Amino acid sequence: PGEDWLLLKGLGITPPSSGKNGMQDATPAKGEVFGDTAGAFKLRDMWTYSPQEGVTVLATFDDGTPALTRHKVGDGHVYVLWASTMLPPSQGGGYP
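Read across the open sheet, the six strands follow the order β5-β4-β3-β1-β2-β6; overall the sheet is antiparallel. Each edge of the open sheet carries a strand with a single partner, namely β5 (76-81) and β6 (83-87). On average, each strand axis in the sheet is tilted by 30° relative to the strand beside it, whichever way the strands run. Pairing geometry for strand β2 (residues 41-48) and β6, over four bridges, is antiparallel. If you follow Arg44 over to β6, its bridge partner there is Thr85.

In structure tokens:
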């Protein structure tokens, strides 16, 4: 447990406060990363994250918490998906 989130901590990103199991939709914020036609995507086993100042929230879960964030680190950016798994749609268009 002491080593959990070691990479995030090393980059100066606050680790999540808790997790929740199950699947949930994430809704992208329209703008500089996602276009107007971007639709929701499914994530499994989410982490609850409270964004720090200067963090850009790029997608949110149904409850409004961040699903995808962008963090300025040095001369670049780090993107964090606050879930264990992203579920791609199956060939039939549904989700497993």
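Attention shifts here to the pairing of strand β3 (residues 56-61). Across three bridges, strand β1 (residues 18-28) lies against β3 in antiparallel orientation. Directly across from Pro28, in β3, lies its bridge partner Ala59. Where β3 meets strand β4 (residues 66-73), four bridges bridge the pair, whose relative direction is antiparallel. Each bridged residue has a counterpart across the sheet, and for Ala59 the counterpart in β4 is Leu68.

Calculation criteria
Residues numbered from 1 in each chain as written. Predicted model: local features only at pLDDT ≥ 70, side-chain atom pairs only at ≥ 80, totals over all residues. Heavy atoms only, no water. Pairing = 2+ DSSP bridges. Helix = DSSP H or I, 4+ residues; strand = E, 2+ residues; numbered from the N terminus. Axes fitted to C-alpha atoms, helices over the stretch in contact; angles between N-to-C directions.

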